[in-house]
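# Coordinate analysis (summary)
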Amino acid sequence: LGLKTSEAECRRLFENEDIDNSGSIDFREFLQLMRQRWESEAAVMKTAFDTADVDGSGTVSMQELQSTLVDLGYMPTIEV
């Protein structure tokens, strides 16, 4: 799924989601786990978007994106 998780974190997630203490996670428990992970990731992405949206317009212009990438240490090349 592309998520990097330590063994300790994986164990904690497993123990929290194995609601029926069966020693395995059924589909319903798995969906709950994925929903929680997605919500956490979405909050991080919203913060990143808000940071890039310098003028608060609700959109990120090419200039805002380029400025944000430079601030993060990337050197974007814009080809015309």
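Okay, so let's go over this structure.

What counts, and where the lines are drawn
Residues numbered from 1 in each chain as written. Predicted model: local features only at pLDDT ≥ 70, side-chain atom pairs only at ≥ 80, totals over all residues. Heavy atoms only, no water. Axes fitted to C-alpha atoms, helices over the stretch in contact; angles between N-to-C directions. Helix = DSSP H or I, 4+ residues; strand = E, 2+ residues; numbered from the N terminus. Parallel < 35°, antiparallel > 145°, perpendicular 65-115°, else oblique. Left-handed = near helix turned anticlockwise from the far one by under 90°. Contact = heavy atoms within 4.5 Å. Nonpolar A, V, L, I, M, F, W, Y, C, P; charged D, E, K, R; others polar. Salt bridge = Lys/Arg side-chain N within 4 Å of Asp/Glu carboxyl O. Buried < 20%, exposed > 50% of the residue type's maximum accessible area, 1.4 Å probe, protein only.

Where helix 1 (residues 7-17) contacts helix 2 (residues 27-52), the axes come no closer than 10 Å and their chain directions differ by 125 degrees. When the interaxial angle is binned, helix 1 and helix 2 end up oblique. Between helix 1 and helix 2 lies a crossing of right-handed hand. On helix 2, the residues touching Glu9, Leu13 and Glu17 of helix 1 are Glu29, Gln32, Leu33, Gln36 and Arg37. Of the residues in the contact of helix 1 with helix 2, the class split is two nonpolar, two polar and four charged.

In this section: the pattern of salt bridges. Taken as a whole and judged by the stated rule, the model has five salt bridges. Of the charged contacts, one joins arginine 12 and glutamate 9 as a salt bridge, the two residues approaching to 2.9 Å between their closest N and O atoms. Residue arginine 12 and its partner glutamate 9 are located together in helix 1, separated by three residues, close to a single helical turn. Classification of arginine 12 as partly exposed rests on a relative accessible area of 40%.

Bear in mind that shape data such as this cannot, by itself, settle questions of function.
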